[in-house]
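Secondary and tertiary structure notes
Here are the chains, one letter per residue:
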Amino acid sequence: MAQERWIFKDDDALLASIIKHEGTKQLIYQYIESGQVKIAEGCNFVECKANDLWPAYLDTEGLETVGIGHLITNSEAYNSRAGVNDKDVIKQLADDIAIHLSAAKNLAAAHGMNIDGNYVVQRFMTEMCFNIGANGYSKFKSGLLKLASAVEKNGDFSYNDAADEHLDSKWARQVKDRANNMVDTLRALDA
């Protein structure tokens, strides 16, 4: 049996895209200081910054987040609201990507998409799962239908159609530039 051709959780292009869209520690500091982002309850931003830690903050949906887009849960091994060091943020990111990569594989299979070796679509679907969760992404019924059609080249829909469908969503209106950047990767597949 041939080896599966899928990206890994440390895929450079996926990591770069997620970090670009989620923000670096310095950018999060700037957003908090400018009032664009609110600090999470129980987090002392001044202390976090003085100790070079990633502060806990509220994302655009008001969910407590820390590091590179990591949703804080009550099952954390440490108190994320106290700030997180770089080493733990990198581990969080790797663990989160592994979860969302698996979810992307499951969604692709559930929609009849053979994206083995199609690294652009794998990255796109993984980042969608990372950003809104597999459950949230599974609700993009028309977007996934059009993406599956483009992947399978059945003539019904193109990658541009799938990109347009993804942009016609609450998600795209919330994340604006991220949505445009992400769907542009799909559009390039039609070129």
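Below: a short report on this structure.

What counts as what
- Residues numbered from 1 in each chain as written.
- Predicted model: local features only at pLDDT ≥ 70, side-chain atom pairs only at ≥ 80, totals over all residues.
- Heavy atoms only, no water.
- Helix = DSSP H or I, 4+ residues; strand = E, 2+ residues; numbered from the N terminus.
- Rg over C-alpha atoms; globule rule 2.2 N^0.38 Å.
- Buried < 20%, exposed > 50% of the residue type's maximum accessible area, 1.4 Å probe, protein only.
- 1 Å grid on protein atoms, 1.4 Å probe; cavity = no way out; pocket = protein on both sides within 12 Å on 5 of 7 lines; lining within 4 Å.
- Points joined across faces, edges and corners; volume = space filled by probe spheres on them.
- Nonpolar A, V, L, I, M, F, W, Y, C, P; charged D, E, K, R; others polar.
- Salt bridge = Lys/Arg side-chain N within 4 Å of Asp/Glu carboxyl O.
- Expected span 1.5 Å × (residues − 1).
- Contact = heavy atoms within 4.5 Å.
- Polar contact = N/O pair within 3.5 Å; in protein donor to acceptor, adjacent residues only side chain to side chain.
- Pairing = 2+ DSSP bridges.
- Disulfide = S-S within 2.5 Å.

1. Examining the overall build of the chain
For the chain, the count of helices and strands is nine helices and three strands. Each helix and strand of the chain, placed in order from N terminus to C terminus, yields the pattern α-α-α-β-β-β-α-α-α-α-α-α. Taken over C-alpha atoms, the radius of gyration comes to 18 Å for the chain, in line with the 16 Å a tight globule of 191 residues would show. Principal-axis analysis of the C-alpha atoms places the extent of the chain at approximately 55 × 40 × 25 Å. Within the chain, buried positions represent 42% of all 191 residues.

2. Some words on the layout of surface pockets
Computed from the structure, the largest pocket encloses a volume of approximately 1300 Å³. As for the largest pocket, its lining consists of 38 residues, and the residues nearest its centre are Glu-22, Asp-59, Thr-60, Asn-131 and Arg-178. Residue assignment for the lining of the largest pocket shows that the elements contributing at least two residues are α1 (12-22), α2 (25-34), β1 (57-58), β3 (70-71), α4 (86-110), α5 (119-138), α8 (170-175) and α9 (177-187). The leading source of residues in the lining of the largest pocket is α5, at six residues. For the lining of the largest pocket, a count of residues per class yields 15 nonpolar, 14 polar and nine charged.

3. Concerning the pattern of salt bridges
Under the counting rule described, the total for this entry stands at twelve salt bridges. Notably, a salt bridge pairs Arg-5 with Asp-116, separated by 3.5 Å at the nearest N-O pair. Taken together, the residues span a long stretch of sequence, with Arg-5 in the segment before α1 and Asp-116 in the loop between α4 and α5 at a distance of 111 residues. Classification of Arg-5 as partly exposed rests on a relative accessible area of 44%.

4. Brief notes about α4
With 25 residues, α4 should reach 36 Å at 1.5 Å per residue; the first-to-last C-alpha distance of 36 Å fits that figure. In this fold, the buried residues of α4 make contact with α1, β2 (64-66), β3, α5 and α6 (141-152). The N-cap of α4, judged by a side-chain oxygen 3.1 Å from the amide nitrogen of Lys-87 a few residues on, is Asn-85. Just downstream of α4 lies Gly-112, where phi reads positive at about 65 degrees.

5. Structural notes on the sheet that holds β3
With antiparallel pairing, three strands are arranged side by side in an open sheet as β1-β2-β3. Lying at the two open borders of the sheet, with one neighbouring strand each, are β1 and β3. By the bridge criterion, two bridges tie β2 to β3 in an arrangement that is antiparallel. If you follow Thr-65 over to β3, its bridge partner there is Leu-71.

6. Re the state of the cysteines
Working definition: the covalent bond between the sulfur atoms of two cysteines is a disulfide. Going through the model one piece at a time under the given rule, you end up with zero disulfides. For the unlinked cysteine Cys-43, the closest cysteine sulfur is that of Cys-48, found at 3.7 Å. Residue Cys-43 is classed as buried on the basis of its relative accessible area of 11%. Cys-48 sits in the buried class, given a relative accessible area of 1%.

7. Let's talk about the side chain of Arg-178
Within the secondary structure layout, Arg-178 lies in helix α9. Among the residues examined, Arg-178 registers a relative accessible area of 6% and is labelled buried. For Arg-178, the side chain forms a polar contact with the side chain of Glu-22, separated by 2.7 Å.

Nothing here speaks to function; it is all geometry.
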